[in-house]
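A closer look at the structure
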Amino acid sequence: NVSVPGNGGISNAFVPSPVIYSAGAFELGASVSRPMGKKNWIAFSVGYQYLQTITEVGSRVDSLAFIQSVGAYANDRVYYTAAAAVPTGTTQEYRSVYHLFHTGMHLQMHRKIFRSLPVSWELGIGLQWLLSTNAILYDPASARYFRNEALMAKILPEVSAGLQIGLDRTSKLSVGPSLQYSLSKISDKGVADKHYFFAGAKISYLLPGKKKKMH
């Protein structure tokens, strides 16, 4: 919990730290693979990511607000109060959307289980570029949620891991879990000690006659 002083926020109150919920995501991308020995491959990928989160906020206030803790104004002459500042049942959900472009390099280790079922483990590193977002940040000093895209990190390093299981002996079509995690915070302002995290199912298709994968 954060103690909030009375400088335009909630006087002498304790406001819980923001709770952010995942609201769905997807990724589209392509990769080019090259062999490194008999069973290992190196892959280079590019892709687009769409991430969503939901934060419970209080009232919307249409007014210009200067956020002293970050030394910047809220964008669009709009800010939101903390959910704890309004009566129960009058809160609302704010949906933050992130558009990201990423590139990566991956080590793929191909094996077979049960003699014929192809399996591939994947470990990777990469970079994420923030293309645009409407995400809000939180200022505990004034108990306000505000938007200022200039305070968001534009380039973040990431690590990834995954497992692909072939759906046939040719392994042209495979599916499996995929994880991606940004090593840097999405912002160092406005209580944004959060990281991008993507977890989902990845579907890959090997183009006929070429060592390229679409997923």
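As shown above, the structure is provided for reference.
Residue numbers restart at each chain and count upward from 1, following the sequence in its written direction. Under the rules for a predicted model, residues below a pLDDT of 70 receive no local features and side-chain atom pairs below 80 are neither given nor counted, while totals for whole chains, interfaces and linings still include all residues. Side-chain calculation: all heavy atoms of the structure are included, whereas hydrogens and water are not.

Bringing the overall build of the protein chain into the picture now. Scanning the protein chain from terminus to terminus reveals zero helices and 15 strands. Contacts between residues were defined by any pair of non-hydrogen atoms, one from each residue, lying within 4.5 Å. Contacts in the protein chain between residues far apart in sequence, at least 24 positions, make up 63% of those at least 6 positions apart. Only the protein chains shown count as cover for residues, and the accessible areas themselves come from Shrake-Rupley with a 1.4 Å probe. Of the roughly 11,800 Å² of accessible surface on the protein chain, 60% is carried by carbon and sulfur atoms. Secondary structure elements are taken from DSSP: a helix is a run of H or I of four residues or more, a strand is a run of E of two residues or more, and numbering for both begins at the N terminus.

Let us now look at the side chain of Thr-133. Its place among the elements puts Thr-133 in strand S9 (residues 117-133). Of the residues examined, Thr-133 reaches a relative accessible area of 8% and is grouped as buried. By the criterion applied in these results, polar contacts are pairs of N or O atoms within 3.5 Å in which, for protein atoms, one can donate a hydrogen and the other can accept it, and in which residues neighboring in sequence qualify only through two side-chain atoms. A distance of 2.8 Å separates a polar atom in the side chain of Thr-133 from the backbone oxygen of Val-97. Of note is the side chain of Thr-133, whose polar atom sits 3.0 Å from the backbone nitrogen of Ala-135. Sequence-distant contacts of Thr-133, defined by excluding residues within four places in its chain, comprise Val-97, Tyr-98, Arg-147, Glu-149 and Met-152. Think of it in three bands: residues with accessible area under 20% of the maximum for their type are buried, residues over 50% are exposed, and the middle band is partly exposed, with areas taken using a 1.4 Å probe on protein chains only.

A word on the packing of aromatic side chains. Paired rings are identified among Phe, Tyr and Trp, the last through its six-membered ring, by centres lying within 6.5 Å, and are further divided according to the angle between planes into stacked (under 30 degrees), edge-to-face (over 60) and tilted (the rest). Here the structure, examined in full by the defined rule, presents eight aromatic pairs. Note on Phe-26 and Tyr-50: the rings are 5.3 Å apart at their centroids and 25° apart in plane angle, and the pair reads as stacked. In this pair, Phe-26 sits in strand S3 (residues 20-36) while Tyr-50 sits in strand S4 (residues 40-61), placing the two residues 24 residues apart along the sequence. Here the aromatic rings of Tyr-80 and Tyr-94 are separated by 5.4 Å at their centres, their planes lie at 65°, and the arrangement is edge-to-face. Taken together, the residues span a long stretch of sequence, with Tyr-80 in strand S7 (residues 79-82) and Tyr-94 in strand S8 (residues 92-113) at a distance of 14 residues. Chaining the aromatic ring pairs together yields one cluster made of Phe-26, Tyr-48 and Tyr-50.

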